[in-house]
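Descriptive analysis of the structure
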There are 2 protein chains.
Amino acid sequence: MGKLFLVGMGPGNPEHMTLAAEAAILQSDVLCGYTVYLQLLGDRYPDKETYTTPMRQELERCRWAVDRAAEGKTVAMLCSGDAGIYGMAGPVLELSKDRNVEVEAVPGITAAVSGAAVLGAPLMNDFCVISLSDLLTPWETIEKRLRCAAMGDFSLVLYNPRSRKRPEHLTRACDILLEYRSPDTVCGWVRNIGREGQEAHVTTLMELRRAEVDMFTTVFVGSAATREIAGRMVTPRGYQL
Amino acid sequence: MGKLFLVGMGPGNPEHMTLAAEAAILQSDVLCGYTVYLQLLGDRYPDKETYTTPMRQELERCRWAVDRAAEGKTVAMLCSGDAGIYGMAGPVLELSKDRNVEVEAVPGITAAVSGAAVLGAPLMNDFCVISLSDLLTPWETIEKRLRCAAMGDFSLVLYNPRSRKRPEHLTRACDILLEYRSPDTVCGWVRNIGREGQEAHVTTLMELRRAEVDMFTTVFVGSAATREIAGRMVTPRGYQL
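Residues numbered from 1 in each chain as written. Chains lettered and ligands numbered in written order. Predicted model: local features only at pLDDT ≥ 70, side-chain atom pairs only at ≥ 80, totals over all residues. Heavy atoms only, no water.

Re the sheet that holds strand β1 (residues 2–8) of chain B
Strand pairs in the sheet, formed through backbone hydrogen bonds, run parallel or antiparallel to each other. Residues and elements named next belong to chain B. Here we have 5 strands laid out as an open sheet, ordered β3-β2-β4-β1-β5, and parallel in their pairing. Each edge of the open sheet carries a strand with a single partner, namely β3 (49–53) and β5 (101–106). For this sheet, the mean angle separating the axes of adjacent strands, direction not counted, is 20 degrees. Relative to β3, strand β2 (residues 30–34) is paired through 5 bridges, and the arrangement is parallel. Looking at the pairing, Val-30 lines up with Glu-49 of β3. (Pairing = 2+ DSSP bridges. Helix = DSSP H or I, 4+ residues; strand = E, 2+ residues; numbered from the N terminus. Axes fitted to C-alpha atoms, helices over the stretch in contact; angles between N-to-C directions.)

Next comes the structure, spelled out in C-alpha cells:
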C-alpha cells in the first residue's frame, strides 16, 4: 500500500509550513502540485521527483498522484493554504476510494487565518468563508450565501474575489452586502500573504467595491462590531476591557 | 519598544506548530498562556520564563503580557489553534493601543482546519464557524447565526459545543438546524485533535444531538452535498470526477 500526504503549505513562505508538513515532504518520494506553488519552495528539497500541472488541470494532477501512490510510492500532494479548504483533499479522497492508498492530511494555514493575522484580528467572532469563483458553484448560490452571511452579521472572508474572467464579482458581492450593512463597515484585503510583495489595506465596504484586488488577494468584510484600531482591523470578542 | 508575539500553537502537538511559531518562541524572553496549553509543550523550551493563568483569567494574562512588552521584554502570548480565532489577538491589540509595544501575529492551525483534516474534507466548499459559548455572545445571536448558516446551506464548524455549565447547547443547535436540514445530514466531531486520546466520529445530524462531546471537541455539520466516503466526511467541491 502506498501513501499519499495531502500537505497544506500555508501561504507560501516555507516558514509558515508546520513541522509535520515539512516532515511529510521529507519522507515523500514525489512532490506534486500547482506549478506556481512548487516554485515557492525553490530548491529547498533538491532531491525529490516533482510533478506539476498548471491551473485548471488539477484533476489530472490528483489522478496522477493517486496512481503513483497505488504503485507503492510515497507521494506528497502540495496545496497552498490547507488542502481541505478549496484544495485537493476532496477529489483525492474520492479518487482513492477502493484504491490501495493510505491518505493522510497534514493541515496548513489557510488564507483566512494568515490574512487575518496580517490585518489584525478580524475573525475574533463567528465568521463565514465564501469563494466568489463560479467555476464550480453557480453564482446564484454564492449570492444566496452572501445574503445569509450578511443577515447573520458574520464577519466574512472572500476567497477568489476577482480574476480576469470575473472582473465584476467583488463589486457585485459588495453591492449585495451593502443592502444589509453600512457603507462604513470596516473591511480589509491582503495580497500575496506571506510572500514577496505582500500588501495589506484596511478600508470600508464602500471603498472595497473598487479595490484593486486580484486572484492572489483575500478579502475580509467586518461584522457590525468590527473596528479599526491603530490601523488594524479588529472584531471585538465581547470582553469588557 | 518591546515586542509581543501572538503565537498560534495549532492543535497542541508541537509538530503542528509552524516553523515561524517556533522561531518566535525561541526569540522570546517570556512565554505566557493558558496553563493547560503551556503544559502541552512539556520541557521543549526549558530556559524560558513562563506566566500562566487558568480559564476565565485570560484578560489578566493579556494585561500582564502587554505590560511586560512595554517594559522592553520580548513576550510570546501562546494560544491554542490560532490567536485570532476566538483567541487573544483582539484584546491584546486593543490593550496595546498607545503602548510602546510592537505586536506581531504568527498564525496557527485552528481547530476548523485541523479537525477537518482528521475527518476527511468537510470544508471543501463555503463554510461558517460559530462558537456555541454564550459567555461573550448572547444566545439569541448564536441562534440567529445558526439559522442563517442553515439557510445558506453552508457547512458548519461549531466551537465550544458543550461545557458543564451549558450541557444543552449542542442539542439545541442541532434542533435548530433540523428545521432546515435532513436528519441524515452527514456530520462529524473530533475530540483532542492532534493530542493524546484523539477521537473522531462521522455521524448524522440526528445522532449528533446526543453525541458525547465536551469543550475539547470540535463539531462539523455538512451541507446538503456532504457525503460519507469510505468512512470520511467529504463535501464535494463540484468537480466532475
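Digging into the nonpolar core
Formed by 50 residues in total, the largest nonpolar core has its most connected members in Leu-146 and Leu-208 of chain A together with Leu-146 and Leu-208 of chain B. If we skip the residues at most four places from it in the chain, Leu-208 of chain A touches Leu-170, Cys-174, Cys-187, Trp-189, Thr-203, Val-219 and Val-221 of chain A. Ile-109, Leu-119 and Val-129 of chain A together with Val-129 of chain B belong to the second-largest nonpolar core, a separate cluster that totals 36 residues. (Core = buried A, V, L, I, M, F, W, Y, C linked by side-chain atoms within 4.5 Å. Buried < 20%, exposed > 50% of the residue type's maximum accessible area, 1.4 Å probe, protein only. Contact = heavy atoms within 4.5 Å.)

Some points on the sheet that holds strand β13 (residues 232–234) of chain B
Residue and element names in this part refer to chain B. The mixed open sheet is built from 3 strands, whose spatial order is β6-β13-β12. The outermost strands of the open sheet, each flanked by one partner alone, are β6 (120–121) and β12 (227–229). By the bridge criterion, 2 bridges tie β6 to β13 in an arrangement that is parallel. Note that in β13 the partner of Gly-120 across the bridge is Met-233.

Points about the interface of chain A and chain B
Interface size is commonly expressed as the accessible surface area that is lost when the partners come together. The interface of chain A with chain B comprises 66 residues on the first partner and 66 residues on the second. Buried area between chain A and chain B, both sides added, is near 6,200 Å², and the carbon and sulfur share of it is 66%. For the pair chain A and chain B, the number of links is 2 salt bridges. As a salt-bridge pair, Arg-145 of chain B and Asp-126 of chain A come within 3.0 Å of each other at their nearest N and O atoms. Along the contact surface separating chain A from chain B lie 24 residue pairs in polar contact (both at pLDDT 80 or more). Broken down by element, the residue count for the side of chain A that touches chain B peaks at 6 residues, all from helix α4 (residues 89–95) of chain A. Class assignment of the residues belonging to the side of chain A that touches chain B gives a composition of 37 nonpolar, 15 polar and 14 charged. Two strands pair when backbone bridges link them, and strand β7 (residues 127–131) of chain A and strand β7 (residues 127–131) of chain B are joined in this way by 3 bridges, in the antiparallel orientation. By the bridge assignment, Phe-127 of chain A is partnered in β7 of chain B with Val-129 of chain B. (Buried area = accessible area lost by both parts, 1.4 Å probe. Salt bridge = Lys/Arg side-chain N within 4 Å of Asp/Glu carboxyl O. Polar contact = N/O pair within 3.5 Å; in protein donor to acceptor, adjacent residues only side chain to side chain. Nonpolar A, V, L, I, M, F, W, Y, C, P; charged D, E, K, R; others polar.)

Looking at the relation of the copies chain A and chain B
Under the fitted operation, chain A is carried onto chain B by 0.0 Å of movement along the axis and a turn of 180 degrees, and the coordinates agree to an RMSD of 0.0 Å. Here the copies are linked by what is in effect a two-fold axis. (Least-squares fit on C-alpha atoms with pLDDT ≥ 70 in both.)

Re the packing of helix α6 (residues 139–151) of chain B against helix α7 (residues 169–178) of chain B
Between two packed helices, both the angle of their axes relative to each other and the distance between the axes serve to describe the pair. Residue and element names in this part refer to chain B. Viewed as axis vectors pointing N to C, α6 and α7 meet at an angle of 40 degrees, and their least axial separation amounts to 9 Å. Considering the angle they form, α6 stands oblique to α7. Here α6 and α7 pass one another in a crossing that is right-handed. Between α6 and α7, the residues in contact are Trp-139, Glu-143, Leu-146, Arg-147 and Ala-150 and His-169, Arg-172, Ala-173, Ile-176 and Leu-177, respectively. Across the contact of α6 with α7, the residue classes tally to 6 nonpolar, 1 polar and 3 charged. (Parallel < 35°, antiparallel > 145°, perpendicular 65-115°, else oblique. Left-handed = near helix turned anticlockwise from the far one by under 90°.)

Notes on unusual backbone geometry
One non-glycine residue, Ala-230 of chain A, lies in the positive phi region at around 50 degrees. Here Ala-230 of chain A lies in the loop between β12 (227–229) and β13 (232–234). Of note in this structure, Asp-153 of chain B is not a glycine but carries a positive phi near 55 degrees. When you line up the elements, Asp-153 of chain B lands in the loop between α6 and β8 (155–159).

Structural notes on helix α6 (residues 139–151) of chain A
Counted at 1.5 Å a residue, the expected span for α6 of chain A with its 13 residues is 18 Å, and the 18 Å between its end C-alpha atoms agrees. For α6 of chain A, the full list of buried residues reads Trp-139, Ile-142, Arg-145, Leu-146, Cys-148, Ala-149 and Ala-150 of chain A. (Expected span 1.5 Å × (residues − 1).)

Here we look at a nonpolar patch on the surface
Side chains of Met-55, Met-215 and Phe-216 of chain A sit close together on the surface and give an oily, nonpolar patch of about 250 Å² of accessible area. Structurally, the position occupied by Met-55 of chain A is in the loop between β3 (49–53) and α3 (58–70). (Patch = residues over 30% accessible without salt bridge, like charges linked within 9 Å, V, L, I, M, F, W, Y side chains within 5 Å. Areas by Shrake-Rupley, 256 points an atom, 1.4 Å probe, with all protein chains shown as cover.)

Thoughts on the packing of aromatic side chains
Residue and element names in this part refer to chain A. Enumeration according to the criterion identifies 6 aromatic pairs over all chains in this entry. Aromatic pair Tyr-34 and Tyr-37: ring centres 5.0 Å apart, planes at 80 degrees, arrangement edge-to-face. Given the relative accessible area of 13%, Tyr-34 is considered buried. Taking the relative accessible area as the measure of exposure, Tyr-37 reaches 17% and is therefore buried. Centroid distance Tyr-86 to Tyr-159: 5.1 Å. Interplanar angle 55 degrees. Geometry classified as tilted. (Phe/Tyr/Trp six-rings, centres within 6.5 Å; stacked < 30°, edge-to-face > 60°.)

Remarks on the pairing of strand β4 (residues 74–79) of chain B
All names here are of chain B. When you tally the buried positions in β4, you get 6 out of 6 residues, the bulk of the element. Of the two faces of β4, the one carrying Thr-74, Ala-76 and Leu-78 and the one carrying Val-75, Met-77 and Cys-79 are both buried. Pairing of β1 with β4 involves 6 bridges; the strand directions are parallel. Directly across from Val-7, in β4, lies its bridge partner Leu-78. Bridging between β2 and β4 involves 4 bridges; their strand directions are parallel. Bridge pairing links Leu-31 to Ala-76 in β4.

Function cannot be inferred from these measures alone, as they are strictly geometric.
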